[in-house]
There are 2 protein chains.
Amino acid sequence: MRMAQLSDESGVSVASIKFYLREGLLAPGEKTGATQSSYDDSHVSRLRLIRALIEAGGLTLQTARTVLAAIDDSEMPINDVLGQAQKALPELPTEPSAASLDRIRSLMRTQGWRTWHTNPGIPQAAGVLDAYDRIGRDDMIAVLEPFAAAADLIAEADLDLVAASRDRAQMAETVVVGTVLGDRLLAALRRIAQESVSHTRYSEHPLHDEGTEPHA
Amino acid sequence: MRMAQLSDESGVSVASIKFYLREGLLAPGEKTGATQSSYDDSHVSRLRLIRALIEAGGLTLQTARTVLAAIDDSEMPINDVLGQAQKALPELPTEPSAASLDRIRSLMRTQGWRTWHTNPGIPQAAGVLDAYDRIGRDDMIAVLEPFAAAADLIAEADLDLVAASRDRAQMAETVVVGTVLGDRLLAALRRIAQESVSHTRYSEHPLHDEGTEPHA
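Values in this document were obtained by computation on a predicted structure and should not be read as measured data.

(A) View of the pattern of salt bridges. Within this structure, the stated rule accounts for 24 salt bridges over all chains. With its nearest N and O atoms 2.8 Å apart, the salt bridge here joins Arg191(B) to Asp183(A). A residue pair is termed interchain when its members come from two chains, as with Arg191(B) in helix H9 (residues 168-201) and Asp183(A) in helix H9 (residues 168-201). The two residues Arg191(B) and Asp183(A) agree in class, both being buried. Overlapping salt bridges, with partners in common, bring together Asp158(A), Asp183(A), Arg190(B) and Arg191(B) in one network.

(B) The environment of Thr118(A), seen in detail. With respect to the helices, strands and loops of the structure, Thr118(A) is situated in the loop between helix H6 (98-111) and helix H7 (121-134). Between the alpha carbons of Thr118(A) and Gly83(A) there is a distance of 9.2 Å; along the sequence they are 35 residues apart.

(C) Layout of the packing of helix H3 (residues 41-56) of chain A against helix H4 (residues 61-72) of chain A. Residue and element names in this part refer to chain A. The geometry of H3 relative to H4 is characterised by a closest axis approach of 10 Å and an angle of 135 degrees between their N-to-C directions. Here H3 lies oblique to H4, going by the angle between them. As H3 runs across H4, the sense of the crossing is right-handed. Counting all contacts with H3, which are made through Arg46, Leu49, Ile50, Leu53 and Ile54, the residues of H4 involved are Leu61, Ala64, Val67, Leu68, Ile71 and Asp72. Here the contact of H3 with H4 is built from residues that sort into nine nonpolar, no polar and two charged.

(D) Examining the interface of chain A and chain B more closely. Contacts between the two partners involve 96 residues from chain A, matched on the other side by 97 residues from chain B. Taking both partners together, chain A and chain B bury about 9800 Å²; carbon and sulfur atoms supply 65% of that area. Across the chain A-chain B interface, the total number found is 12 salt bridges. Linking chain A with chain B are 32 residue pairs in polar contact (both at pLDDT 80 or more), by the criterion used here. Of all the secondary-structure elements, those providing two or more residues to the side of chain A that touches chain B are H3, helix H5 (78-86), H6, H7, helix H8 (144-163) and H9 of chain A. Considering each element in turn, the side of chain A that touches chain B owes the most residues, 26 residues, to H9(A).

(E) Here's a closer look at the environment of Ala164(B). All names here are of chain B. With respect to the element layout, Ala164 can be found in the loop between helix H8 (144-163) and H9. Residue classification places Ala164 among the exposed positions, given a relative accessible area of 61%. In this structure, the C-alpha to C-alpha distance between Ala164 and Glu195, residues 31 residues apart in sequence, is 33 Å.

(F) Region of interest: H9(A). All names here are of chain A. Taking 1.5 Å as the rise per residue, H9 with 34 residues should run 50 Å; its terminal C-alpha atoms sit 46 Å apart, in good agreement. The largest bend along H9 reaches roughly 35 degrees and is located at Gly182. Most of H9 sits out of view: 29 of its 34 residues are buried.

Cut-offs and rules
- Residues numbered from 1 in each chain as written.
- Chains lettered and ligands numbered in written order.
- Predicted model: local features only at pLDDT ≥ 70, side-chain atom pairs only at ≥ 80, totals over all residues.
- Heavy atoms only, no water.
- Salt bridge = Lys/Arg side-chain N within 4 Å of Asp/Glu carboxyl O.
- Helix = DSSP H or I, 4+ residues; strand = E, 2+ residues; numbered from the N terminus.
- Buried < 20%, exposed > 50% of the residue type's maximum accessible area, 1.4 Å probe, protein only.
- Axes fitted to C-alpha atoms, helices over the stretch in contact; angles between N-to-C directions.
- Parallel < 35°, antiparallel > 145°, perpendicular 65-115°, else oblique.
- Left-handed = near helix turned anticlockwise from the far one by under 90°.
- Contact = heavy atoms within 4.5 Å.
- Nonpolar A, V, L, I, M, F, W, Y, C, P; charged D, E, K, R; others polar.
- Buried area = accessible area lost by both parts, 1.4 Å probe.
- Polar contact = N/O pair within 3.5 Å; in protein donor to acceptor, adjacent residues only side chain to side chain.
- Expected span 1.5 Å × (residues − 1).
- Bend = angle between axes of the 7 residues up to and from the residue.

And the structure:
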């Protein structure tokens, strides 16, 4: 197909397709003339994946490039693909403190969690504890253990999905998409559950006075 | 204290303090001369909170302004503060489909979750299902139920922390900081748990061949 049709099929504008081609996120089509190329279904799928990662997943172009390269590298062990996808986390403003890193390591021992020192979640989690501490709210670390129990349920579901993938290519896609979009899905479900729990606990005092009905 | 000392105490640069004053995120100090003002501990605390929300929590200036205003409005019911903090979610690229919204509502019934129609998590979660669907991976909705069970644990911990707050001002801060930084903490713990679960499941095939030892 021509580029115009590729744009229609994928829902990605021609300008963006040209940009992704230039940036190397999308493989070139087959040359059919001096200024024309032909594209196929693999280009449509790839554009949809790029769109999912960048638009729905909120990845930067740079991070999208890294995780797409991990998907494409069929020699890369699946756990290294997971390692790449895991790095799709916001940058920390400062190095985490030793005290917070110790607190996370102690949590890991309690949970029976074993990872390599390089796991990007360790400094990220410690950075959040530092932020609680800096605003004088170290009482907020009370959420650590219940959040860790929840993270266990989540990780089991994540790995179940990876195990159910039909081949290496799909497994890599599952790891990347599951990690990136999963964060967003979880944040969304957390908001629904928060309101529901709040409603259950404080039902004698209605939470809202709009005329709308709560969802049953 | 003068602005230079406020900067030292809070760890926020003078240029940023001036910016937050101009933008109305920080209340003006007490005028002590034509070009000088005096600041107190409340300014230090406020700057630390702004920093936590923007730097560690990744909020935009606009969202930070909204949630700070919710904290400041002592007349605002705590559940409305929660509603404001809940909106701190990335923007959706497109409207979610009716099919995905139905899927989330069905999940809510299964979970016994009751919320108002306006809960921002509902379209967000549906948007992620749409993204799975657009890349031909509707099999990935298999994570919905385990993620929802995890969201329940998380929301109970969130509301426990709110209930333990000593007064309305601290409660509002807990709601805002807990919601915003909690997303990041959870994403971090999920990455640690993912690697640990992967290690446990595939321990016959070592995940990495670096010389580092896994954390015990």
